[in-house]
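# Observations on the model geometry
Below, each chain spelled out in residue letters.
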Amino acid sequence: AFSGSQTAIEPTSFSPCEMASDPLDDFELMVVTPPTRLPPPSACGGVCKKGGPCSRKPVADCASVNKATNEVTFMLNGEQVRLKNVDPTTTLLTYLRSSRFKGTKSVCREGGCGACTVNLRQQNADGVITSKAINSCLRPLVTINGCSVITTEGLGCKSSGFHPIQQAVADHAASQCGFCTPGWVMNMYSYLASHPDPSSDEIERSFDGNLCRCTGYRPILEAMKSFADKSISDIEDYAGPCNQRSALPVVSRAVRIDQPGASWVNATSWDDLTGAIQQAVAGKQTYRLVAGNTAGGVSPYYEKTKVSVALYIGVMDVPEMYGVKQTADGVRVGGATPFTDVVNSLAAIINADRSPKTDTFKGLVAHILRIGNTQVRNEATVAGSLMLMHAFPLFISDTLTILMGISAVLNVWNAADGKMSQLNVSDFASQDMTNRVIESIIIPYGKPNQHFVTFKVGSRYQNAHAYVNAAFNAVVDPTTHKIQGTPILVFGGVVPSCVHAKNTEAVLANADVTDASVLSAALSALQKELVPDTTRLKPEYRGQLALALLYKCTLAVQPSLPAHLQSAAKPFMRPTSSGQQQFSSDPNEYPVSLPDTSYQAIQGSGEAVYTDDIPQMVGALHAFYVLADIGSGEIDSIDTSGALSLPGVVGVMTGSDCPADRNNCDLNGEALPRDLWDEVLVTKTVQFNGQGLALVLAEDPEVGADAVSAVKVTYKNEQPPILDIDQAIKAQNFYPKEQGPWTPPGPYTTGDFATGYAQSEIKDSGDLYIGGQKHIHLEQHTCLVVPEEDRIHIYIASQWPQLCQNIVSYVTGLPARSIIVTTTRCGGGYGAKITRCIPMACAAALAALKYKRPVRLVLPLKDNMRISGGRHPFKCTYTLGMAKSGKINALKLDLWTDSGFSVDASTGSMAQCLETIDNAYYIPNYEVSGTLVRTNQPSNTAMRGPGCVQGVWIAEAILRRAADLVKLPVETVQALNFYQKNQETPYHQKLAYWEFQTLWNNLLLQADFDNRKLAVQKFNKENMWVKKGIAVTPCKYGIAWIGANYGCLVQIYVDGSVVIAHSGCEIGQGINQKVRQVVAFELNCDISFVSILPSSTDKVPNSFPTGGSITSDLCCVAAIDACKQLNTTLKPTHFALFKTHPHARITPQDWQTLVANAVQSGSKLSAMGWTNPKPSPNGPFTYNTYGAAVSEVRLDVLTGERQILRSDIVYDAGVSLNPAIDIGQVEGAFVQGIGYFLHEEVLMDPKSGGLLSLGTWDYKPPFARDIPIDFRVQLEKNVPNPVGVLSSKATGEPPYCLAVSCYSALMEACNAARTQFNSTAPAVVLQVPATIDCVKMNSGYTAKDFVLA
């Protein structure tokens, strides 16, 4: 939406100013190379290079081109598809997924994630054929008439060979859960198809529209950049077979489709377009002009009621509305020209004429490249963007801001009189645009000494709408430094619409830009003129940001600047990212320790099957939730009649359809009193906004989705929702005082806090708050329930099939033997699919039993975010006593966590926090206790490192406070308080294997920490408005095996093939590959013989969840147990054949001979391994993992924008079972942590209790250019784990905690700014997440500090 290898690299260095020597150099960094356009259909000479005559003909030569048709004809992966009477509202994605092309994924359906990316080849209105990546979730199916579509299935597959891009994914370990991977593959394919010789930087910049939640992006970027700087002589080697790449069907462009709900007309000329509009106006039809339909991803956030459209009119084939042409006075841009084409055309104009008249185009191009993302810009049009803002004034339009700034003019056609007139774009917002069409936009040439500067500041650098955007345009005399006439100052996002700051413009008219008093007067005028509206979030920040941008603009037009101000004059320029990965691998142990990720190729080819990829079943129903839209109250009535009257709606279930005595799907089940139940569907009391009230069942998913709004719910006894911990404490909204599932362990103590505190030289106390984080796994909660004879079979994206079986059994009353739960893989989990998928499974199971039909339930992204909880927010009240030396003597911690409306896994999260919050520090006198509170939020749940991440942040915040109190370096105070070997933690864990100090010292040395810290301090002294920070974070993380039951069934077939069914669920952590490697190692067979079955309760029962970073470990333990049984069985046959024991190396042929002989002798070649770990003699944890990270950041103090310059991580993985997987887990967890600590703000509506940070439009996880520019990871060498699986350690969750280093470095930079402006200013503890507005607002400056010298 508008919305064992080591890579050697040089350390990244930055000049203090970061300004290129030539302005043109900056421009070339920002502009992607214009693509090589594919030839028109008749340009190949009539002979296909693959042999035989070319079947293509120029469209203009087709006799049927002007005949109207009701058919849509296109090529799909090289095969022609012809469809009649297509519904104009059906998207290409819907069609692909309803056919056999499941590799294209459905996630956000708003153009914000890239999972649905496909390649589209089409002939533009100017006759040129282009190849581009598009979001298939937005592109209407009717608009691809005459086009060619390629999905990842059309590139390659396992049986016929993977495409080089798909193979590169596997070669670089660039896929984990794999759900996003086809979208990355198709974006790369599309880019190579039109850019045959790309640079690394161009490739990296092209991935601004693809979201990944698993990998941390670094391996994906490396995989894609492997195609850089290669002269691809035969593009088909990378862009697919000729019949897919080149062939476009010869069709009639004049398509007319009449459907009962809406009609479609594709205009092929200006007369067609205007005639269709006038006809619609005369018939009083609502109509909409359609090009790429990218507005369809944005408008749902702004339109309060959905508008019914009777006629859709396609404008892509209208020549007058397409293209960029130079005129005497400027450049004419057709209204239906996509932004990408505008960029490429302007870049060509600039390169052909590097004179002052094209200088202003550079700013336009740079800004356009930050609108939307690559896929959106490939489709979104200039006129469409303007009209979106006109329809929804709260939409902050970059397009309008920059066009107003450059004084563009619109050519507008009016249906009332059929005439064309010109409209200054500055008057556009106030102009009635009813029945008017923007035919084209005229962009004037620049003038000598003209400065055109634009800004966009959003929550994320890529793929984010602006908080504030701005454009400044002035001609400045280079001799007198005076502005010639009146400048243009345009701001968007501050007040309700995009506006000229006319009063400020008047102050600056003919003024000297070097005069500080002029700047002061302009700032004063702007502050009075732009009073931020409160209809948008963050009004104070937006108002101050406008002042800062005016100051930045003033700096940018100065004839010269003192050194300390230079770095503020231009935005950060990010170089191409790089990385290092260091690990050891032992070939003698292969396949164990082999960095093999070849299995990932099928994820890139779309062959990996996820739950919603299971083919549609005859008679299946599609289920959709009706969700509560209040935070607290009671149901008065639910009127389902409107939904039931719709054709295709089979039924609507409510709480009355659930068993009254078993309507509870909470993890803790019958242990909860009734008022704490997590109801499958609400019967009376609504406890949060987004709670499931009813379930619509329909035979068609589109019908079911539309029917939700036809269910009318009324409420009574509404109450103000309780939405945070302090509100809950004030309302005494706690769980019962008696012991129960809500009671966490503890309190934990060491020594005597009261005595230690009394004896301390320095004392301090305070409150710390750390916010939540939303689950945004790309595969939403998904399940399919199929009735089968005397059972139901539940296919579900779950991390705990056993729990799903147990709770569905409880809710439905069916015995467990009549419920089979199967999980093939999950498209991301991170803890969300341990318990929070259970309500969906229960609802779908009840529906399947009631209607005796299969029921498929797939939550839309926004529903998923509303109904599911996330990471627990915490509050900590601390009391600290310490010595002047920096040694902490006493520490008392009182913790509260927001469980949401139900207990769920909150007790476990609190327990993990209590047992991690000491981190790496020994405090001799210590107390910690925890309490759960209830709020009107969805039930918060496990999320990667639950409780532990919050605990490490709290520990580090207190250590930083301690260092500030004694005025010592933080790293000194950290090291002074480290545990020592054999000390005991407050929860009675003896640190028998404590080797952390060595790891810490290695990291500081490898990261060159001391020298870099001195360089940071020097930089901060020399730069006023850009600051750097560097910080180091340690982590001790306990891994507990006790009582965790996992099984592994290993079966050997007569041909030597081995099949495994284990308790774990593949969620991207590589568990299946690790188990395969261990089994191949233990059985001494080639790994190619070994495969994994889906996780299923009918194969391995009664197991624990996939979570806690233990499942890969323990499934390998169970696999070893099973293999030992099998080796005992095989031993006599092995010795008889080879005179050796089973672990002796044998060839694949000998393995097959061994198995065949064993089978012939009647041996049982099936074994179940099992784990039931006993308590560790050292305490509650079986072992600890250790890690540490150094991160360096750069902060723009004026805006709050930041870059992570470099992160160095050293992590103790023991002897890694698969270093490529473990490196990926470290990087992925770390970047997900960057999201938590710096980006992912969870905002709620205080009145309704509704989630405001919703979908990809308003919730912003990190993207590819938010990761460290220089990203270095090392798995510590020579640290075998004496109690681990084959000496290994867990990697899934602990590295997440190390992202605290990025937050701490940012806080160092922020505090450096604070002390610069006020030497006595106390150090600030930033909120979590430390968003750009939070950092700016805490940097300690005012507009009075805006100086020019």
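Keep in mind it's a predicted model, so treat the numbers as computed, not measured. (Residues numbered from 1 in each chain as written. Predicted model: local features only at pLDDT ≥ 70, side-chain atom pairs only at ≥ 80, totals over all residues. Heavy atoms only, no water.)

### Examining the pairing of strand β30 (residues 791–796)
The criterion, for reference: Any two strands between which DSSP finds at least two bridges are classified as paired. Going along the chain from the N terminus, every DSSP run of H or I of four or more residues is numbered as a helix, and every run of E of two or more is numbered as a strand.
By the bridge criterion, six bridges tie strand β29 (residues 782–788) to β30 in an arrangement that is antiparallel. By the bridge assignment, Glu788 is partnered in β30 with Arg791. Between the end of β29 and the start of β30, which pair antiparallel, lie two residues, with Glu789 showing a positive phi angle near 50 degrees. Relative to strand β31 (residues 819–823), β30 runs parallel, the two being bridged by four bridges. In the sheet register, His793 faces β31, and the bridge partner there is Ile820.

### Thoughts on the pattern of salt bridges
For clarity, the threshold we go by: Put simply, a salt bridge is a Lys or Arg side-chain nitrogen that is within 4 Å of an Asp or Glu carboxyl oxygen.
With the rule as written, the count across this model stands at 50 salt bridges. We note a salt bridge from Arg856 to Asp612, for which the minimum N-O separation is 3.0 Å. Of the two residues, Arg856 is situated in strand β32 (residues 855–858) and Asp612 in the loop between α19 (601–604) and β20 (621–627); the sequence distance between them amounts to 244 residues. Lys1289 is paired through a salt bridge with Asp1212; the nearest N and O atoms lie 2.6 Å apart.

### Brief notes about the confidence of the model for the protein chain
Here is the rule we go by: pLDDT gives the predictor's per-residue confidence on a scale running from 0 to 100. The criterion used for residue contact is that any of the two residues' heavy atoms lie within 4.5 Å.
This prediction gives the protein chain a mean pLDDT of 92; 94% of its residues lie at or above 70. Taken as a whole, residues 1–33 scores under 50 in pLDDT and shows 91 contacts with residues more than four places along the chain or in a different chain. Contacts of residues 39–66 to residues separated by more than four positions or lying in other chains number 37 contacts, the stretch itself having pLDDT below 50.

### What about the sheet that holds strand β5 (residues 148–150)?
Heads up, the condition is: Between N-to-C directions, angles cover 0 to 180 degrees, with each direction set by a line fitted to C-alpha atoms, over the stretch in contact for helices.
One open sheet holds the five strands; their spatial order is β2-β1-β5-β3-β4, and the pairing between them is mixed. Strand pairing shows two members of the sheet lacking a second neighbour, β2 (79–84) and β4 (129–135), which therefore form its edges. In this sheet, neighbouring strand axes are inclined to one another by 30 degrees on average, regardless of whether the strands run parallel or antiparallel. Across three bridges, the pairing between strand β3 (residues 117–123) and β5 is antiparallel. Each residue of the ladder has a partner; that of Arg121, found in β5, is Ser148. Docked against the sheet, helix α4 (residues 181–194) engages β3, β4 and β5, running at close to 30 degrees with respect to β3.

### Observations concerning the state of the cysteines
Put simply, the rule is: Disulfide: a pair of cysteine sulfur atoms within 2.5 Å of each other.
This model, assessed by the stated rule, comprises zero disulfides. With no disulfide partner, Cys108 has as its closest neighbouring cysteine sulfur the one in Cys113, 3.7 Å distant. Cysteine Cys826 remains unbridged, with the sulfur of Cys1065 as its closest cysteine sulfur at 5.9 Å.

### A closer look at the sheet that holds strand β22 (residues 649–654)
Pairing is mixed across the open sheet formed by eight strands, whose spatial order is β22-β24-β20-β32-β29-β30-β31-β41. The sheet is open, and its two edges are formed by β22 and β41 (1095–1096), each paired on a single side. Both β29 and β32 contribute to a ladder of four bridges, which runs antiparallel. When the bridges of β32 are listed, Thr782 appears paired with Val858. Sheet contacts for helix α24 (residues 801–812): β30 and β31; angle to β31, the most-contacted strand, approximately 150 degrees.

### Description of the packing of aromatic side chains
For the record, the criterion: When two rings of Phe, Tyr or Trp (its six-membered ring) have centres within 6.5 Å they constitute a pair, described as stacked for plane angles under 30 degrees, edge-to-face for angles over 60, and tilted for the intermediate range. We call a residue buried when its accessible area falls under 20% of the maximum for its residue type, exposed when it is over 50%, and partly exposed in between, using a 1.4 Å probe and counting protein chains only.
All told, the structure shown has 42 aromatic pairs when counted by the stated rule. Taken together, a centroid distance of 5.6 Å and an interplanar angle of 65 degrees make the contact between Trp1025 and Phe1346 edge-to-face. Note that Trp1025 is positioned in the loop between α32 (1009–1022) and β37 (1026–1039) and Phe1346 in the segment after α39 (1332–1337), a separation of 321 residues in sequence. Look at Trp1025 and you get buried, because its relative accessible area is 0%. Between Phe1237 and Tyr1303, the ring centres sit 6.2 Å apart and the planes meet at 50 degrees, which makes this aromatic pair tilted. With Phe1237 in helix α36 (residues 1219–1239) and Tyr1303 in helix α38 (residues 1300–1317), this residue pair connects regions lying 66 residues apart in the sequence.

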